[in-house]
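Geometric and topological summary
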Amino acid sequence: MRKTKTIMRKNTSNLLVFTSMLSSGKIGKSNCWESVSLSEKKALNLYERNRQQLLDHGRNSWMRIYPQGTRFDSSNYNPLPMLEVGAQIVALNTQSKSV
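1. A closer look at the environment of Val85
Inspection of the secondary structure assignment puts Val85 in the loop between α4 (80–84) and β4 (89–90). When neighbours within four sequence positions are excluded, Val85 is seen to be in contact with Tyr47, Arg51, Leu54, Leu55, Gly58 and Met63.

2. A closer look at the nonpolar core
Grouped together as the largest cluster of nonpolar side chains are 14 residues, with contacts concentrated most on Ile27, Leu38, Leu54, Met63, Ile65, Met82 and Ala87. The element best represented in this core is helix α2 (residues 40–49), accounting for three residues. Filtering out sequence-adjacent residues up to four positions away, Met63 remains in contact with Val36, Leu38, Leu54, His57, Gly58, Val85, Gly86, Ala87, Gln88 and Ile89.

3. Let's talk about the environment of Leu55
Mapped onto the secondary structure, Leu55 falls in helix α3 (residues 51–60). Distance from Leu55 to Met82, taken between C-alpha atoms, is 9.4 Å for residues 27 residues apart in sequence. When neighbours within four sequence positions are excluded, Leu55 is seen to be in contact with Glu84 and Val85.

What counts and what doesn't
- Within any chain, residue numbers begin from 1 and follow the written order of that chain's sequence.
- Predicted model: local features are reported for residues with pLDDT of at least 70 only, side-chain atom pairs are reported and counted for 80 or more only, and whole-chain, interface and lining totals are derived from all residues.
- Note that the side-chain values use all heavy atoms of the structure and ignore hydrogens as well as water.
- A run of DSSP states H or I qualifies as a helix once it reaches four residues; a run of E qualifies as a strand once it reaches two. Both are numbered from the N-terminal end.
- Contacts are assigned to residue pairs that have any heavy atoms within 4.5 Å of one another.
- Nine residue types can take part in a nonpolar core, namely buried Ala, Val, Leu, Ile, Met, Phe, Trp, Tyr and Cys, and a core is a set of them joined through side-chain atoms within 4.5 Å.
- Per-residue accessibility, obtained with a 1.4 Å probe over protein chains only, is compared with the maximum for each type, and a residue is labelled buried under 20%, exposed over 50%, and partly exposed between these values.

Written out as structure tokens, the structure is:
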């Protein structure tokens with residue numbers, strides 16, 4: 001069986017967007033191709049202090065929230081406040097039975 005080479009058309013490849021990561025201090029001061037990744041603790045602190053800043057950032061840029069690293073029991077935080085302010089990715093812990 002002969003392999004065929006896939007060629008992406010230039011106008012299709014122009015649609016691809018790569019994001020660059022920002023520090024959490026840049027929330028609300030970013031471009032649409034920039035994203036920020038926040039721990040649940042930092043995100044909840046921002047949510048309580050300045051919800052509008054998170055809303056503004058979520059309208060214009062990517063925001064990812066991830067669980068605190070100290071959740072050894074695979075418990076989860078409430079993702080709804082982060083979704084409410086426009087976080088596009090809200091990571092949760094999952095656990096499965098070991099075999």
